[in-house]
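Here are the chains, one letter per residue:
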Amino acid sequence: MDERQHMRASDQDREEVVGRLRAALDEGRLKMPEYVERMGLAYDALTYADLAPLHADLPAATGLARPAPAAAAAAAPQSSPVVIPPRADHMPTALKVLWTIWLTAVSINVVVWFLVTVTSGHLAYPWPLWVAGPAGAALFGVTYGTAQIRRSRRPGPPGPSPAPGPSGSPR
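Draft legend 1. How the structure looks around helix α1 (residues 11-27). Taking 1.5 Å per residue as the helical rise, α1 with its 17 residues ought to reach 24 Å, and the 24 Å between its terminal C-alpha atoms agrees with that figure. Here α1 has its buried residues at Asp13, Arg14, Val17, Val18, Leu21, Ala23, Ala24 and Leu25. At the C-terminal side of α1, glycine 28 shows a positive phi close to 85°.

As structure tokens, then:
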């Protein structure tokens, strides 16, 4: 294995691999679950050695499967920009575990509350809301903050940079 395989990969390297995976998905070479799994691994990759096996079994871009970027941009309607929703599958593992624990605890409490309500014959006070609400709100806040931090670290889409204003800074 050469020395480059041990070097750390950049965000741009990860995006290039995800682009190759997306092209393979468009060409029918990957199924959606495999694409999602490989994409998650690509975003979690630390070195070039982590990225290499994700696309080693895929051919290089064929050129026939996708139109040239200029042709694709010309064909796309200019009035509605493409909005890519945030991907929940790239949530850090620790947050996935915390959400799973929260969901399990809330589910158990709701089942107990339901059994108490059914066996007592009257509607019991909805105390599981006190279990679900505060912890869920805190967990949502942490998840949202993490997503914002991760989004700010990813490079934006390629395009022209803003023209400098009169003072030399971008407008």
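Draft legend 2. Representation of the pattern of salt bridges within the structure. Under the definition given, this model contains four salt bridges. The partner of glutamate 34 in a salt bridge is arginine 38, and the shortest N-O contact between them spans 2.8 Å. Separated by four residues within a single helix, glutamate 34 and arginine 38 lie in helix α2 (residues 32-44), roughly one turn from each other. We classify arginine 38 as buried; its relative accessible area is 11%. Look at the salt bridges and you will find they share partners, linking Glu34, Arg38 and Asp57 into a network.

Draft legend 3. Layout of the packing of helix α5 (residues 93-120) against helix α6 (residues 128-153). Taken N-terminus to C-terminus, the directions of α5 and α6 make an angle of 165°; their axes are 10 Å apart at the nearest point. For the element pair α5 / α6, the angle class is roughly antiparallel. Viewed along their axes, α5 and α6 form a crossing whose handedness is left-handed. Residues Leu95, Leu98, Trp99, Trp102, Val106, Asn109, Val110 and Trp113 of α5 lie in contact with α6, whose contacting residues are Pro128, Val131, Ala132, Ala135, Gly136, Leu139, Phe140, Val142, Thr143 and Thr146. For the contact of α5 with α6, the per-class residue count stands at 14 nonpolar, four polar and no charged.

Draft legend 4. Spotlight on the confidence of the model for the chain. Summarising the model, the chain shows a mean pLDDT of 78, and 72% of its residues fall at 70 or more. For the chain, per-element mean pLDDT is lowest for helix α4 (residues 69-75), which scores 48, and highest for α5, which scores 92. Taken together, the stretch residues 63-77 has pLDDT below 50 and engages in six contacts with residues farther than four places along the chain or on a different chain. Under a pLDDT of 50 for its full length, residues 82-86 has, in the predicted model, one contact with residues more than four places off or in other chains.

Draft legend 5. How the structure looks around helix α3 (residues 48-55). What α3 keeps buried is the set Tyr48, Leu51, Leu54 and His55. Along α3, the residues classed as buried sweep out an arc of 115° about the axis, all on the same side. Buried residues belonging to α3 abut α1 and α2.

Draft legend 6. Expanded view of the packing of aromatic side chains. Applying the stated rule across the entire model yields two aromatic pairs. With a centroid separation of 5.4 Å and an interplanar angle of 85°, the aromatic rings of tryptophan 99 and tryptophan 102 are classed as edge-to-face. With a gap of three residues between them, tryptophan 99 and tryptophan 102 both fall in helix α5, about one helical turn apart. The exposure class assigned to tryptophan 99 is partly exposed, which follows from its relative accessible area of 24%. Judged by centre distance (6.3 Å) and plane angle (20°), the ring pair of phenylalanine 140 and tyrosine 144 falls under stacked.

Criteria and cut-off values
Along each chain, residue indices are assigned from 1 in the same order as the chain's sequence is written. Residues qualify for local features only when their pLDDT is at least 70, as the model is predicted, and side-chain atom pairs are given and counted only at 80 or more; totals for whole chains, interfaces and linings, by contrast, use all residues. For side-chain calculations, the full set of non-hydrogen atoms in the structure is used, while hydrogens and water are omitted. Helix numbers and strand numbers start at the N terminus; a helix is a DSSP run of H or I with at least 4 residues, a strand a run of E with at least 2. Helix span, as expected, comes to 1.5 Å for every residue beyond the first. Relative accessibility thresholds used throughout: buried, under 20% of the residue-type maximum; exposed, over 50%; partly exposed, between the two (1.4 Å probe, protein chains only). Should a side-chain nitrogen of Lys or Arg be within 4 Å of a carboxyl oxygen of Asp or Glu, the pair is scored as a salt bridge. Working convention: axes come from line fits to C-alpha atoms, limited for helices to the stretch in contact. Angles between N-to-C directions cover 0 to 180 degrees. Here roughly perpendicular refers to angles of 65 to 115 degrees, roughly parallel to angles under 35, roughly antiparallel to angles over 145, and oblique to all remaining angles. What makes a crossing left-handed is the near helix being turned counterclockwise from the far one by less than a right angle; a clockwise turn instead makes it right-handed. Throughout, a contact is declared for two residues whenever any of their heavy atoms are within 4.5 Å. Residues are sorted three ways: Asp, Glu, Lys and Arg are charged, Ala, Val, Leu, Ile, Met, Phe, Trp, Tyr, Cys and Pro are nonpolar, and all the rest, Gly among them, are polar. pLDDT is defined as a per-residue confidence score from the predictor, taking values between 0 and 100. For this quantity, the arc is that covered by the directions from the helix axis to the C-beta atoms. For Phe, Tyr and Trp, where Trp contributes only its six-membered ring, two rings pair if their centres lie within 6.5 Å, and the inter-plane angle classes them as stacked under 30 degrees, edge-to-face over 60, or tilted in between.

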